[in-house]
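Structural features, examined
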Amino acid sequence: MKKIISITVAAFAMAVVTSHTVIAKEGVASLRGTQDIEGSSLKVTKKKLISKEGGFERNYKQQPPLIPHKVAKYKINLKNNGCLKCHSKKNHKKEKAPMLGESHFLTRDGKKLDHVSSRRYFCTQCHAPQLEANPLVKNEFKGVK
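Residues numbered from 1 in each chain as written. Predicted model: local features only at pLDDT ≥ 70, side-chain atom pairs only at ≥ 80, totals over all residues. Heavy atoms only, no water.

A few words on the side chain of His-127. Checked against the element boundaries, His-127 lands in the loop between α3 (92–95) and β2 (130–131). Accessibility expressed as a relative area gives 17% for His-127, which makes it buried. Within the structure, the side chain of His-127 is placed 2.8 Å from the backbone oxygen of Pro-65, a separation counted as a polar contact. In contact with His-127, other than residues within four places in its own chain, are Pro-64, Pro-65, Ile-67 and His-104. (Helix = DSSP H or I, 4+ residues; strand = E, 2+ residues; numbered from the N terminus. Buried < 20%, exposed > 50% of the residue type's maximum accessible area, 1.4 Å probe, protein only. Polar contact = N/O pair within 3.5 Å; in protein donor to acceptor, adjacent residues only side chain to side chain. Contact = heavy atoms within 4.5 Å.)

Have a look at this one:
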């Protein structure tokens, strides 16, 4: 039994050393850069919000639309949803805003509701405002045209 445990520990140690060597050779780096994990993090810089009349172009089918305006002061909780002041069935024409998609009024079983489904109520889980910021990692994604 001791022999099996010793062999297992030795094999595990070898795997860890080998994988560490491979990572070091490939030049993998943390998004934290060379900053020590025990040190203070870098100060977060404030980014400018991008507002865009008419909204942003989507990059793929079924992509949730990106938010083209400020939402920092909107409250979204169980009792209030600031997004629905403009995007609800009742208000969207008056506010000249896009109405929520039909999928927002369906239960998970496909039953149509006369109000927003609780699954789609917290808008910023899928929809996000855009900021002027450099990407953290290189991205070569090409959207659908």
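At Gln-62, a position not held by glycine, the phi torsion is positive, near 70°. Tracing the chain through its elements places Gln-62 in the loop between β1 (49–50) and α2 (84–87). Positive phi is not limited to glycine here, since Lys-96 has a value of about 55°. You can call Lys-96 exposed: its relative accessible area is 78%.

Keep in mind that these numbers describe shape and distance, not what the molecule does.
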